[in-house]
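Commentary on secondary and tertiary structure
The residues making up each chain are set out below.
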Amino acid sequence: MHVISVVVWFGGLIFINAVFIPIVEHQEATKLQVVLGTQKRFLPFIWSCFWSLLMTGILLMLLSPKFLWFEYSTLWSKLLAIKQVALLLLAFFSWQTVQVFSKMEQAVGNDSDEFEGWRLGLKKLIRRSIFWGIVALMCGAGMAVS
């Protein structure tokens, strides 16, 4: 379940960043309701994956014989700490994404550059989420081999 949540969340973010957004920008269709609806539809998947990751991560952490409370002397525990910080940052970026997306929906009717500014902010949040997701994946891989 932990791995499936990671695949859905970050696979979706990478798809949006590497495939969906470039196609939409090339066709100059960033304000279309279909585009906004598609992105909005992905937000509940992010939150369901977050809660699934959180619950399964806590179980995996507590059931591991390597886990000791507030002990950061081993490589495994240091990687776990980095992974936990990454998850907190990802939760914050996901919350920001929801806020930015609501601002985009409000600005879609305006002819000003407000929508474009929010759209660029959303792209940055997606890229930050991908970066920290990769950091968390690398930490998880390091934990598996240490």
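Scroll up for the structure.
Because the structure is predicted, anything quoted here is derived from the model rather than measured. (Residues numbered from 1 in each chain as written. Predicted model: local features only at pLDDT ≥ 70, side-chain atom pairs only at ≥ 80, totals over all residues. Heavy atoms only, no water.)

1. Concerning the overall build of the chain
To keep it simple, the criterion reads: Here a strand is any run of E in DSSP of at least two residues, a helix any run of H or I of at least four, and the numbering for each starts at the N terminus. Only protein chains enter the accessibility calculation, which uses a 1.4 Å probe; a residue whose area is less than 20% of its type maximum is buried, one above 50% is exposed, and one in between is partly exposed. Note on contacts: a residue pair is in contact if any heavy atoms of the two residues lie within 4.5 Å. Where accessible areas are quoted, they stem from the Shrake-Rupley method and a 1.4 Å probe; at the residue level, only the protein chains shown are allowed to cover. The positive count covers Lys and Arg only, the negative count covers Asp and Glu only, and His and the chain ends enter neither. For this purpose, a charge sits on NZ of Lys, CZ of Arg, CG of Asp or CD of Glu.
The helix and strand tally for the chain stands at four helices and zero strands. Secondary structure elements of the chain, listed N to C terminal, follow the sequence α-α-α-α. Reported as C-alpha extents along the three principal axes, the dimensions of the chain are approximately 55 × 25 × 20 Å. Out of the 146 residues belonging to the chain, those deemed buried represent 39%. Counting contacts in the chain only where the partners sit at least 6 residues apart, residues at least 24 apart contribute 75% of the total. Summed over its atoms, the accessible surface of the chain is roughly 9000 Å², and 71% of this surface lies on carbon and sulfur atoms. The centroid of the 12 positive side-chain charges in the chain is displaced by 11 Å from the centroid of its 8 negative side-chain charges.

2. A closer look at helix H1 (residues 2-26)
Definition in use: Expected span of a helix: the number of residues minus one, times 1.5 Å. Working definition for bend: take the seven residues up to and ending at a residue and the seven starting at it, fit an axis to each, and measure the angle between the axes.
Over its 25 residues, H1 runs 35 Å from end to end, which matches the ideal 36 Å to within 8%, given 1.5 Å per residue. A bend of about 40 degrees at Ile 16 is the largest found in H1. Taken together, the buried positions of H1 are occupied by His 2, Ser 5, Val 6, Trp 9, Phe 10, Gly 12, Leu 13, Ile 16, Asn 17, Phe 20, Ile 21 and Val 24. Glu 28 lies just past H1 and shows a positive phi near 50 degrees.

3. Things to note about the nonpolar core
Rules: To qualify as a nonpolar core, a set must consist of buried Ala, Val, Leu, Ile, Met, Phe, Trp, Tyr and Cys residues joined through side-chain atoms within 4.5 Å.
In terms of nonpolar packing, the biggest core is built from 26 residues, with Trp 9, Leu 13, Met 104 and Ile 126 touching the most fellow members. Every element with two or more residues in this core is listed here: H1, helix H2 (33-63), helix H3 (75-107) and helix H4 (114-145). In contact with Met 104, not counting residues within four places along its chain, are Leu 36, Gln 39, Phe 115, Trp 118, Arg 119 and Leu 122. Of all hydrophobic cores here, the second largest spans eight residues; its members include Met 61, Trp 76, Cys 139 and Met 143.

4. Some points on the packing of H1 against H4
Think of two packed helices as two axes; the pair is described by the angle between the axes and how far apart they sit. Our working rule: All axes here are fitted lines through C-alpha atoms, helices being fitted over the stretch that makes contact, and every angle between N-to-C directions spans 0 to 180 degrees. In this scheme the handedness of a crossing depends on how the near helix is turned from the far one: anticlockwise by less than a right angle means left-handed, clockwise means right-handed. In the scheme used here, Gly and all other residues not listed as nonpolar or charged are polar, with Ala, Val, Leu, Ile, Met, Phe, Trp, Tyr, Cys and Pro taken as nonpolar and Asp, Glu, Lys and Arg as charged.
Orientation of H1 relative to H4, taken along the N-to-C sense of each, is 145 degrees, at an axis distance of 10 Å. In terms of crossing hand, the pair formed by H1 and H4 is left-handed. Of H4, the residues touching H1 (which contributes Val 6, Phe 10, Leu 13, Ile 14, Ile 16, Asn 17, Ile 21 and Glu 25) are Arg 119, Lys 123, Ile 126, Arg 127, Ser 129, Ile 130, Gly 133 and Leu 137. Across the contact of H1 with H4, the residue classes break down as nine nonpolar, three polar and four charged.

5. Quick look at the packing of H3 against H4
So the rule is basically this: The cut-offs work like this: below 35 degrees is roughly parallel, past 145 is roughly antiparallel, 65 to 115 is roughly perpendicular, and the gaps in between are oblique.
Contact geometry for H3 and H4: axes closest at 8 Å, N-to-C directions at 160 degrees. Between H3 and H4, the crossing angle belongs to the class labelled roughly antiparallel. Here H3 runs over H4; the crossing is left-handed. Across the contact of H3 with H4, the residue classes break down as 21 nonpolar, six polar and five charged.

6. Here we look at the environment of Met 1
Assignment of secondary structure puts Met 1 in the segment before H1. Given a relative accessible area of 66%, Met 1 falls into the exposed group. The residues contacting Met 1, other than those within four sequence positions of it, are Ser 52 and Thr 56.

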